[in-house]
Structures are given as C-alpha cells and as structure tokens.
Amino acid sequence: MNGVIFDIQRFSVHDGPGIRTTVFLKGCPLRCAWCHNPEGLTPAPQLQFTAAECIGCGRCGSRDSLGDAAHCPTGALKVRGEEISPEALLPTLLRDRSYYGTDGGVTFSGGECLAQADFVAELLSRLKAEGIHTAVDTSGYVGWEAFEKTLPYTNLYLYDVKLADDALHKQYTGVSNARILENLEKLSLRGARIWIRVPVIPDVNDSDAEMRTIAQIVGSLAGVEKVTLMPYHTLGISKYETLGLKPGYETPKSISKERLQELKALFLQRGITVD
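One structure accompanies this document, and this report is about it. (Residues numbered from 1 in each chain as written. Predicted model: local features only at pLDDT ≥ 70, side-chain atom pairs only at ≥ 80, totals over all residues. Heavy atoms only, no water.)

So, the overall build of the protein chain
Okay, so step 1: Helices and strands together make up the secondary structure of the protein chain, namely nine helices and ten strands.
Okay, so step 2: Taking 2.2 N^0.38 as the reference for a compact globule, 275 residues should give roughly 19 Å; the C-alpha atoms of the protein chain span a radius of gyration of 19 Å, in line with that estimate.
Okay, so step 3: Reported as C-alpha extents along the three principal axes, the dimensions of the protein chain are approximately 60 × 45 × 30 Å.
Okay, so step 4: A buried classification covers 51% of the 275 residues belonging to the protein chain.
Okay, so step 5: Positive and negative charge centroids in the protein chain, built from 29 and 33 side chains respectively, lie 2 Å apart. (Helix = DSSP H or I, 4+ residues; strand = E, 2+ residues; numbered from the N terminus. Rg over C-alpha atoms; globule rule 2.2 N^0.38 Å. Buried < 20%, exposed > 50% of the residue type's maximum accessible area, 1.4 Å probe, protein only. Lys, Arg positive; Asp, Glu negative; His and termini not counted. Charge placed at Lys NZ, Arg CZ, Asp CG, Glu CD.)

So this is what it looks like as structure tokens:
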C-alpha cells in the first residue's frame, strides 16, 4: 500500500479550486517532450545533483548511490523520491485544513498519480472521511480500473488533453491517445466533475485545427466544467541536467497573450468555459 512521492507543494493555487496541498507521485507512462517534472518520470527514487550548490567538500563520496545524498551538507545532492505509507502522509495533508476553506483541499499529481491507484485511493478515502475536498490530476493513460478505484472519493478530476491527432500524440508523448480519450468519455458518463487542462506547445499543438478538434471532443462531453489553456514555459528545463537527462523539446518560441486569446475563442465559440 506504500507509495513513492517526490514532492509536496503546500498553499498551491494552480491544481484545483482554492488553496490546496498537492502531492506529486513518481512514475509516468508518458514521455511528453516538454515535460516540466522530469523527476516524476521514473517510479523509483533517483539522485539529483545541482552543481551550482556544490561546495566540493567530498563528503558524498562516489556521488552515484542514494546513500551518498545523506552526507551532502548543502543539499546539492539529494534523493528525489520517498516511499511512504498513507498513515505517515495523512497528517501532513491535514495540517493545513484550516486554510482549505470550502473550496480548497488536496490534489494528487505526478508523474501519473493513478499509476499508484491503490495508494491514492486509500488516501482519497481517508481525506473524504475528514471532509477534505479531493482532486486527481491525471494524463488519463491508465487502465479504467484505476479510475474505478478513485471515483467514489474524488471530487474533481484535472484531466490532461495534450493532442487530438493520434499520430502527433504518439510522436510527442510516446503513446496513443485512444485510451486517454476513451477514459475521458467513461468519466463523463459516470458523472464525474472534470476540468480539462491543455498545454499549449509552440509548433506542436498551437494550430487552429488542433485546438478546434480538442474543443469538439470536449464540447461533446457532459461533466466538463471548463478548459484551461496552459502556455509552454521553460521552468523545468534546468532540472534535466541535474538528473543526468536531456530535454526532449526546447524552443525559444512562446505563446503570446494575443495568440492565446485567439485559441481560447475557439472554445468559447462552442460555449465552453475557458481560462
């Protein structure tokens, strides 16, 4: 029942309604070229080394085993990933309940949090019993049974739709979008509350044609309350080097405010709430 997490972000305002605590779980079946959380890709704990914080003291020894991080005095070498039980994690999630109010709560993200569906469902059930609003941030690329385990305890699904074109989806994420769209339709039919999140990536999915198709898909589903268009940013690029990885996508281009408004209009034309 234990899970592996790599971060807990408190006082978050971008992962659902109100003030939230977001738990980031390790492991993801997608390999999105623009991923800004590369430390969440692999399911196992891994070493992260930030050269700018290293003082060259040599205490870490070989710097190639997880145990070496315990000797680092500056935090330049750290382990990303911690195995934890629901019982151990729950008090942390309840600590800020006075700030949650009626809208805020706890969000599970990743990585792909539903890759650890049993762990997440256990925590969701305990949070619901405490009267805490719950949200699940998912790529949708999991077996339907993962959704069935979490549905009774989840108030809101934050559901990523990255690309409508299946060939492009395979090219930029490594997997087909068929399962993702099938699960989204099933969630809708089950009456789940859903917010769709679309990363807007230059020269990948920022065309009128791609956004129109996504709007068409979303507009056909009940339960979708709104769509959020999230412009590409480079904030996660620096993480790749610290993990010994290479980014799959880099561009100096950005999505202008004017272009973002044009894309939002494609959703508004279908009567879809968009921000």
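With respect to the packing of aromatic side chains
Okay, so step 1: Within the structure shown, the criterion is met by seven aromatic pairs.
Okay, so step 2: Their ring planes at 45° and their centres at 5.7 Å tell us that Phe6 and Phe24 sit as a pair that is tilted. With a gap of 18 residues between them, Phe6 in strand β1 (residues 3-12) and Phe24 in strand β2 (residues 20-25) connect regions that are remote in the sequence. The exposure classification of Phe6 matches that of Phe24, with both residues buried. (Phe/Tyr/Trp six-rings, centres within 6.5 Å; stacked < 30°, edge-to-face > 60°.)

Considerations on the sheet that holds β1
Pairing between sheet strands relies on hydrogen bonds along the backbone, with the strands arranged either parallel or antiparallel.
Okay, so step 1: Strand order in this open sheet of eight strands is β5-β1-β2-β6-β7-β8-β9-β10, and the pairing throughout is mixed. The open sheet terminates on both sides in strands that have one partner only, identified here as β5 (82-84) and β10 (224-231). Mean inter-strand twist for the sheet, computed between neighbouring axes without regard to direction, equals 30°.
Okay, so step 2: Examined bridge by bridge, strand β8 (residues 156-160) and strand β9 (residues 194-200) share four bridges and lie parallel to one another. What sits directly across from Tyr159, in β9, is Ile196.
Okay, so step 3: Here helix α3 (residues 117-129) sits on the sheet and contacts β1, β2, β5, β6 (105-110) and β7 (133-138); the angle it forms with β6, its principal contact strand, is near 170°. (Pairing = 2+ DSSP bridges. Axes fitted to C-alpha atoms, helices over the stretch in contact; angles between N-to-C directions. Contact = heavy atoms within 4.5 Å.)

Comments concerning the packing of helix α1 (residues 86-94) against α3
Okay, so step 1: Following both chains from N to C, one finds α1 and α3 inclined at 45°, their axes separated by 11 Å at the closest point. Here α3 runs oblique to α1, going by the angle between their axes. The interaxial crossing formed by α1 with α3 has right-handed handedness. Only Phe119, Glu122, Leu123, Arg126 and Leu127 of α3 make contact with α1, whose side of the interface consists of Pro86, Glu87, Leu89, Leu90, Leu93 and Leu94.
Okay, so step 2: Of the residues contributing to the contact of α1 with α3, the split by class is eight nonpolar, no polar and three charged. (Parallel < 35°, antiparallel > 145°, perpendicular 65-115°, else oblique. Left-handed = near helix turned anticlockwise from the far one by under 90°. Nonpolar A, V, L, I, M, F, W, Y, C, P; charged D, E, K, R; others polar.)

Topic: the pattern of salt bridges
Proximity of charged atoms lets side chains of opposite charge pair with each other.
Okay, so step 1: Following the criterion strictly, the structure yields 18 salt bridges and no others.
Okay, so step 2: Measuring nitrogen to oxygen at the nearest pair gives 3.3 Å for the salt bridge that ties Asp160 to Lys162.
Okay, so step 3: Overlapping salt bridges, with partners in common, bring together Asp15, Asp137 and Arg197 in one network. (Salt bridge = Lys/Arg side-chain N within 4 Å of Asp/Glu carboxyl O.)

Brief notes about empty space enclosed by the protein
Okay, so step 1: In the structure shown here, the tally under the stated rule is one cavity of 30 Å³ or more.
Okay, so step 2: The calculated volume of the largest cavity comes to roughly 40 Å³.
Okay, so step 3: Forming the boundary of the largest cavity are Trp34, Cys35, His36, Tyr232, His233, Thr234, Leu235, Gly236, Ile237, Tyr240 and Tyr249. (1 Å grid on protein atoms, 1.4 Å probe; cavity = no way out; pocket = protein on both sides within 12 Å on 5 of 7 lines; lining within 4 Å. Points joined across faces, edges and corners; volume = space filled by probe spheres on them.)

Quick word on the layout of surface pockets
Okay, so step 1: Roughly 1100 Å³ of internal volume is contained in the largest pocket.
Okay, so step 2: For the largest pocket, the lining is made up of 42 residues, of which His36, Asn37, Asp137, Arg197 and Met230 are closest to its centre.
Okay, so step 3: Looking at the lining of the largest pocket, the elements that each hand over two or more residues are β1, β6, β7, β8, β9 and β10.
Okay, so step 4: For the lining of the largest pocket, the per-class residue count stands at 16 nonpolar, 15 polar and eleven charged.

Thoughts on the side chain of Asp15
Okay, so step 1: Looking at the element boundaries, Asp15 is found in the loop between β1 and β2.
Okay, so step 2: For Asp15, a relative accessible area of 9% corresponds to the buried category.
Okay, so step 3: Reaching out from Asp15, the side chain makes a polar contact with the side chain of Ser12 at a distance of 3.1 Å.
Okay, so step 4: Apart from residues lying up to four places away in sequence, Asp15 is in contact with Gln9, Arg20, Thr22, Phe24, Thr107, Ala135, Leu158 and Arg197. (Polar contact = N/O pair within 3.5 Å; in protein donor to acceptor, adjacent residues only side chain to side chain.)

Regarding the nonpolar core
Across soluble globular proteins, nonpolar side chains have a tendency to be buried as a group.
Okay, so step 1: By size, the foremost hydrophobic cluster in this structure holds 53 residues, and its most contacted members are Phe108, Ile196 and Leu229.
Okay, so step 2: At six residues, α3 tops the list of elements feeding residues into this core.
Okay, so step 3: Residues within four places of Ile196 in sequence aside, it is in contact with Tyr159, Val161, Leu184, Val218, Val224, Lys226, Val227 and Thr228.
Okay, so step 4: Of all hydrophobic cores here, the second largest spans 15 residues; its members include Cys32, Ile201, Tyr232 and Tyr240. (Core = buried A, V, L, I, M, F, W, Y, C linked by side-chain atoms within 4.5 Å.)

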